[in-house]
Amino acid sequence: MKILVTGGAGFIGANFIIYWLKRHPHDQIINLDKLTYAGNLENLSGVENNPHYRFVHGDICDRPLVDRLVAKVDVILHFAAESHVDRSIIDPAPFVKTNIEGTYVLLEAARKNGKKRFHHISTDEVFGALPLNTAEKFTPQTPYRPHSPYSASKAASDHLVRAYHDTFALPITISNCSNNFGPYQFPEKLIALAVTNLIEDKSVPVYGDGLYVRDWLYVEDHCEAIDLIVHKGTIGETYLLGALSDQSPQRTNLDIIKQIIKMMGKEEGVISFVQDRPGHDRRYAIDWSATAATLGWRPRHRFDEALQLTLAWYQDHQNWWKRVKTGAYRDYYQKQYQS
Ligand code: NAD
Ligand code: TYD
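A short tour of the structure in this document, coming up.

The rules behind these values
- Residues numbered from 1 in each chain as written.
- Chains lettered and ligands numbered in written order.
- Predicted model: local features only at pLDDT ≥ 70, side-chain atom pairs only at ≥ 80, totals over all residues.
- Heavy atoms only, no water.
- Near = heavy atom within 4 Å.
- Polar contact = N/O pair within 3.5 Å; in protein donor to acceptor, adjacent residues only side chain to side chain.
- Areas by Shrake-Rupley, 256 points an atom, 1.4 Å probe, with all protein chains shown as cover.
- 1 Å grid on protein atoms, 1.4 Å probe; cavity = no way out; pocket = protein on both sides within 12 Å on 5 of 7 lines; lining within 4 Å.
- Sits in = over half its atoms within 2 Å of the grid points.
- Helix = DSSP H or I, 4+ residues; strand = E, 2+ residues; numbered from the N terminus.
- Nonpolar A, V, L, I, M, F, W, Y, C, P; charged D, E, K, R; others polar.
- Points joined across faces, edges and corners; volume = space filled by probe spheres on them.
- Phe/Tyr/Trp six-rings, centres within 6.5 Å; stacked < 30°, edge-to-face > 60°.
- Buried < 20%, exposed > 50% of the residue type's maximum accessible area, 1.4 Å probe, protein only.

### Considerations on the site of ligand 2
Next up, step 1: Every one of the 17 residues lining ligand 2 counts as a neighbour, but Glu125, Pro205, Arg214, Arg277 and His280 are closest to it.
Next up, step 2: Within the backbone of Leu190, a nitrogen or oxygen atom sits 2.9 Å from an oxygen atom of ligand 2.
Next up, step 3: Tyr207 is positioned with one of its backbone polar atoms (N or O) 2.8 Å from an oxygen atom of ligand 2.
Next up, step 4: Look at ligand 2: alone it shows 510 Å² of surface, and the protein chains cover 97% of it.
Next up, step 5: Counting atoms within 2 Å of the grid points, the majority share of ligand 2 lands in the largest pocket.
Next up, step 6: Of all elements in the fold, only helix 6 (190-199) and strand 8 (204-207) reach the threshold of two or more residues within the shell around ligand 2.
Next up, step 7: At three residues, the largest contribution of residues to the shell around ligand 2 is made by strand 8.
Next up, step 8: The residue inventory of the shell around ligand 2, partitioned by class, reads eight nonpolar, four polar and five charged.

And the structure:
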């Protein structure tokens, strides 16, 4: 299979490419990535010499480039996005451009090049927020009610993808996944930020009262789900992906920060309560039973075990995240590809 991965230099995309080349060593992957601040080719240094892998530096909004690349592949796996809620509050413009227009450009290329198979990687944040201390979860029937420019732009992209199926019979699937964590996550997202700050003896910022709940999924489990969707998914279907529900779905940000502090032998005095995020979604929880029933997918990792793996990874890869925090990772492309 020949695959175009967009956004493969980011957190989930890089984990996915590493995962896929191990599981499907005969497939070919083209990775199209603009290398925004979130794109880091050091994530892929282990596969850069693999003859089944090719990196293309470019923008998903670049129509001629996207057209050329889409013509070469059988499947498009669309990860590329602006992904950080806080950045979308500071400046929504790149979110609208990349997440909406970029998705449209890819869909058009897929449609015009013989209706290529298209899988869209999306988020549970499109559904809005659930109240605390209820058993309610997002299901495939939950109406869209996004609150941040990030989630609104992802919601728009989901609608476009579905419209291309319904109107043009483009063979699409969508996955709406909960918060991921694990290796190579940019240290601006909660768990990566907390772990790296604690290693550096810095404080950990907790927004508002800290009583916000996310449905944390280990990134490798997300990669496995996409693999199953590509091979066994039903065209036109939307798959919800989330963590094991016996991991205490009501675990708050504050609980998680305290757990990490304890695991790292630090004191709770490092917690710094800071101003809340505007429009902050209180709780996310996913009912992925339909995905389990149709694809046989379920997460392999329990939260505590995955958190341990993640902590160990950040302890063992200090050079990786220190280069991210200082910005030195940006030199890598220059050295590797332009010298
Ligand atoms: P990320 O921010 O770590 O990586 C995004 C990647 O996309 C980067 O490599 C960046 O350079 C690239 N990119 C951005 N704009 C581009 C453009 N115009 N053209 C080409 N490349 C571009 O994001 P992530 O956390 O890996 O998320 C990947 C996908 O998964 C996103 O679509 C996101 O909405 C979705 N998702 C993320 C999570 C999560 O918890 N991180 C959860 C559910 C869904
Ligand atoms: P984040 O990792 O940004 O993911 P998302 O906003 O997509 O869910 O944030 C996860 C939760 O952690 C969210 O409730 C906001 C909160 N948070 C903090 O309390 N402090 C922080 O420094 C960050 C980055 C997030």
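### Some thoughts on the layout of surface pockets
Next up, step 1: Here the largest pocket defines a volume of roughly 1100 Å³.
Next up, step 2: Ser83, His84, Tyr150, Gln185 and Lys189 are, among the 49 residues lining the largest pocket, the residues nearest its centre.
Next up, step 3: Going through the elements one at a time, helix 1 (11-23), helix 3 (85-90), strand 5 (117-123), helix 5 (149-168), helix 6 and strand 8 are the ones with two or more residues in the lining of the largest pocket.
Next up, step 4: A class-by-class count of the residues in the lining of the largest pocket yields 19 nonpolar, 18 polar and twelve charged.
Next up, step 5: Reported here for the second largest pocket is a volume of approximately 290 Å³.
Next up, step 6: If you go around the second largest pocket, the residues you meet are Asn15, Ile18, Tyr19, Lys22, Arg23, Pro183, Tyr184, Tyr218, Val219, Glu220, Cys223 and Glu224.
Next up, step 7: Those elements that provide at least two residues to the lining of the second largest pocket are helix 1 and helix 7 (219-232).
Next up, step 8: Its residues assigned to classes, the lining of the second largest pocket shows seven nonpolar, one polar and four charged.

### Here we look at the packing of aromatic side chains
Next up, step 1: Counted under the stated rule, the structure contains 19 aromatic pairs.
Next up, step 2: Measuring from ring centre to ring centre gives 4.9 Å for Trp313 and Tyr314, while their planes differ by 80°; the resulting arrangement is edge-to-face. As far as burial versus exposure is concerned, Trp313 and Tyr314 are alike and both buried.
Next up, step 3: Aromatic ring contacts, followed pair by pair, group Phe16, Tyr19, Trp20 and Phe79 into a single cluster.

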